[in-house]
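In case you want the letters, here they are:
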Amino acid sequence: MTAHGIMFHHFCNYKNHLRGQGAIDQNEFEKILDFLGDFNILDANKWLEKATNNELEDNDICITFDDGLRCQYDVALPVLEKRKLTAFWFVYSNIYDGYLGRLEIYRYYRTAFFRDIEEFYDKFFNYLELSKHNDFVNKCLKNANIEDHLKEFNFYSYNDKKFRFIRDKILGQDNYFKIMDELITNDNLDLNKLNSHLWMDERQIQELSFKGHVIGLHSYSHPTELASMSTKKQKLEYEKNFYHLSNILSTIPITMSHPCNSYNKYTLEILDNLGVKIGFRSNSQLEKFNKYEFPRIDHAILMKELQLK
Ligand SMILES: [Zn+2]
């Protein structure tokens with residue numbers, strides 16, 4: 001395979017960061033890094049330099065973290081420091097303007113307040129049945145083939161698929177947010193309070209940069225389908241993210257990763273105009289790619305390979 005990044009998201013530590021779906025602990029992170037020992041793991045700056053000079057070799061890889069999560073700072077950073085490694089951290093900005101990171105809050109809620117994901121699905125489906133959406137949801141489900149939905153993710157259970165189908169294809173984002181917010185407040189929980197544990201603060205981002213890590217763009221509000229937004233809106237997404245990071249760092253961001261892997265040719269023009277040098281995708285599907293489409297492998301895939309060994 002060609003030079004690529006490894007993409008990490010959630011970490012857990014049995015203290016303040018619980019083990020949600022797909023989260024790994026320090027030990028597992030170490031195992032993955034050991035497993036990658038046959039490759040040449042580069043410091044982020046070295047990777048950036050080689051990538052911009054077109055000098056990357058096939059077994060050069062780098063470590064990347066998306067979304068600016070506090071669990072990455074608490075759990076993964078000490079391991080990197082022990083190994084004297086630096087990484088890319090792709091951070092989106094609206095959290096720092098006081099917005100709620102709802103997708104992360106919901107993830108935390110599912111993890112912390114339910115025995116397992118099935119118990120959460122029970123509660124969600126039951127709540128939906130009593131809501132005004134019930135007739136519409138049932139009508140849509142009748143005509144749908146849930147087994148076929150998201151078939152490429154063979155690790156999804158039937159209920160994983162059903163939940164995602166209802167969320168993405170039937171309810172849409174606004175209805176889904178409303179229902180989840182209601183579930184959470186009905187449980188006497190406070191969205192703002194839940195939100196406050198989940199993100200790195202600006203000082204921690206500064207500290208990473210100071211320690212030689214590379215902080216890059218990841219849009220302003222992390223839309224799930226940036227490519228379907230107008231060019232003007234896309235431009236705002238990246239400009240606001242750019243100014244936020246430029247303001248808190250002593251340098252301007254020149255790297256990025258695409259949130260939810262969503263972009264089109266206008267996105268790439270916007271990045272070019274901002275002076276961005278390299279960008280990463282969320283998978284390794286493209287055989288041919290340009291400087292804003294460096295492939296990445298999801299750590300979940302490596303965990304699977306490790307478990308097979
Ligand atoms: Zn992301």
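Residues numbered from 1 in each chain as written. Predicted model: local features only at pLDDT ≥ 70, side-chain atom pairs only at ≥ 80, totals over all residues. Heavy atoms only, no water.

### Quick look at the overall build of the chain
Then comes step 1: In terms of helices and strands, the chain carries twelve helices and eight strands.
Then comes step 2: A compact globule built from 309 residues would reach a C-alpha radius of gyration of about 19 Å, and the chain, at 20 Å, matches this within 12%.
Then comes step 3: Each principal axis of the C-alpha distribution contributes one length, and for the chain these read about 60 × 45 × 40 Å.
Then comes step 4: The buried share among the 309 residues of the chain stands at 51%.
Then comes step 5: Taking the 39 positively charged and 45 negatively charged side chains of the chain as two groups, their mean positions are separated by 2 Å. (Helix = DSSP H or I, 4+ residues; strand = E, 2+ residues; numbered from the N terminus. Rg over C-alpha atoms; globule rule 2.2 N^0.38 Å. Buried < 20%, exposed > 50% of the residue type's maximum accessible area, 1.4 Å probe, protein only. Lys, Arg positive; Asp, Glu negative; His and termini not counted. Charge placed at Lys NZ, Arg CZ, Asp CG, Glu CD.)

### Some details on the pattern of salt bridges
Opposite charge on two side chains lets them pair, provided their charged atoms get close.
Then comes step 1: As enumerated under the stated definition, the model contains 19 salt bridges in all.
Then comes step 2: Here Glu207 ties to Lys211 by a salt bridge, and the two come within 2.5 Å at their closest N and O atoms.
Then comes step 3: Salt bridges linked by common partners bring Glu30, Asp34, Lys82 and Arg83 together as one network. (Salt bridge = Lys/Arg side-chain N within 4 Å of Asp/Glu carboxyl O.)

### Observations concerning the environment of Trp89
Then comes step 1: Along the chain, the position of Trp89 falls in strand β4 (residues 88-91).
Then comes step 2: On the basis of relative accessibility, which here comes to 0%, the residue Trp89 falls in the buried class.
Then comes step 3: A sequence separation of 26 residues divides Trp89 from Ile63, and the C-alpha atoms of the two residues are 8.8 Å apart.
Then comes step 4: In this structure the side chain of Trp89 is engaged in a polar contact, spanning 3.0 Å, whose partner is the side chain of His213. (Polar contact = N/O pair within 3.5 Å; in protein donor to acceptor, adjacent residues only side chain to side chain.)

### What about the coordination of the zinc ion?
Then comes step 1: Here the zinc ion is held by the protein donor atoms Asp67 (OD), His218 (NE2) and His222 (NE2), which lie 2.1 to 2.2 Å from it.
Then comes step 2: Look at where the donors of the zinc ion fall in the sequence and you get D-x150-H-x3-H. (Donors = N, O, S within 2.8 Å, 3.2 Å for Na, K, Ca; no water.)

### Some thoughts on the packing of helix α5 (residues 117-129) against helix α7 (residues 158-186)
Then comes step 1: Between α5 and α7, the least distance of the axes is 10 Å, while the angle of their chain directions is 80°. Between α5 and α7, the angle is such that the two are roughly perpendicular.
Then comes step 2: Partitioning the contact of α5 with α7 into residue classes produces 13 nonpolar, two polar and six charged. (Axes fitted to C-alpha atoms, helices over the stretch in contact; angles between N-to-C directions. Parallel < 35°, antiparallel > 145°, perpendicular 65-115°, else oblique. Nonpolar A, V, L, I, M, F, W, Y, C, P; charged D, E, K, R; others polar.)

### A word on the packing of aromatic side chains
Then comes step 1: The tally for this structure, following the rule as stated, stands at 34 aromatic pairs.
Then comes step 2: Here Tyr109 and Phe113 contribute two aromatic rings whose centre-to-centre distance is 5.9 Å and whose plane-to-plane angle is 40°, an arrangement assigned as tilted.
Then comes step 3: A residue is classified by how much of its surface remains accessible, and Phe113, at 38% relative accessible area, is partly exposed.
Then comes step 4: An angle of 20° between the planes, with centres 5.9 Å apart, marks the rings of Tyr121 and Phe125 as stacked. (Phe/Tyr/Trp six-rings, centres within 6.5 Å; stacked < 30°, edge-to-face > 60°.)

### Observations concerning the packing of helix α6 (residues 134-142) against α7
Then comes step 1: Closest axis-to-axis distance for the α6/α7 pair is 11 Å, and the angle between their directions is 110°. Taken together, the axes of α6 and α7 lie roughly perpendicular to each other. Note that α6 runs across α7; the crossing there is right-handed. Seen from α6, the contacting residues are Phe136, Val137, Cys140 and Leu141; seen from α7, they are Lys162, Phe165, Ile166, Ile170 and Leu171.
Then comes step 2: Classifying every residue of the contact of α6 with α7 by side-chain character gives eight nonpolar, no polar and one charged. (Left-handed = near helix turned anticlockwise from the far one by under 90°. Contact = heavy atoms within 4.5 Å.)

### Digging into the domain arrangement of the chain
Then comes step 1: According to the domain assignment, the chain consists of domain 1 (4-99 + 200-308) and domain 2 (114-188).
Then comes step 2: Its C-alpha centre places domain 1 at a distance of 29 Å from the equivalent point of domain 2. (Domains from an automatic or database assignment.)

### Overview of the side chain of Asp25
Then comes step 1: Considering the arrangement of structural elements, one finds Asp25 in the loop between β1 (4-8) and α1 (26-35).
Then comes step 2: The class of Asp25 is buried, set by a relative accessible area of 11%.
Then comes step 3: Side-chain polar atoms of Asp25 contact the side chain of Tyr14, separated by 2.8 Å.
Then comes step 4: Excluding residues within four positions of it along the chain, Asp25 makes contact with Cys12, Tyr14, Arg19 and Val75.

### What about helix α10 (residues 231-248)?
Then comes step 1: Over its 18 residues, α10 runs 26 Å from end to end, which matches the ideal 26 Å to within 8%, given 1.5 Å per residue.
Then comes step 2: Listed in full, the buried residues belonging to α10 are Gln234, Glu237, Tyr238, Asn241, Phe242, His244, Leu245, Ser246 and Ile248. (Expected span 1.5 Å × (residues − 1).)

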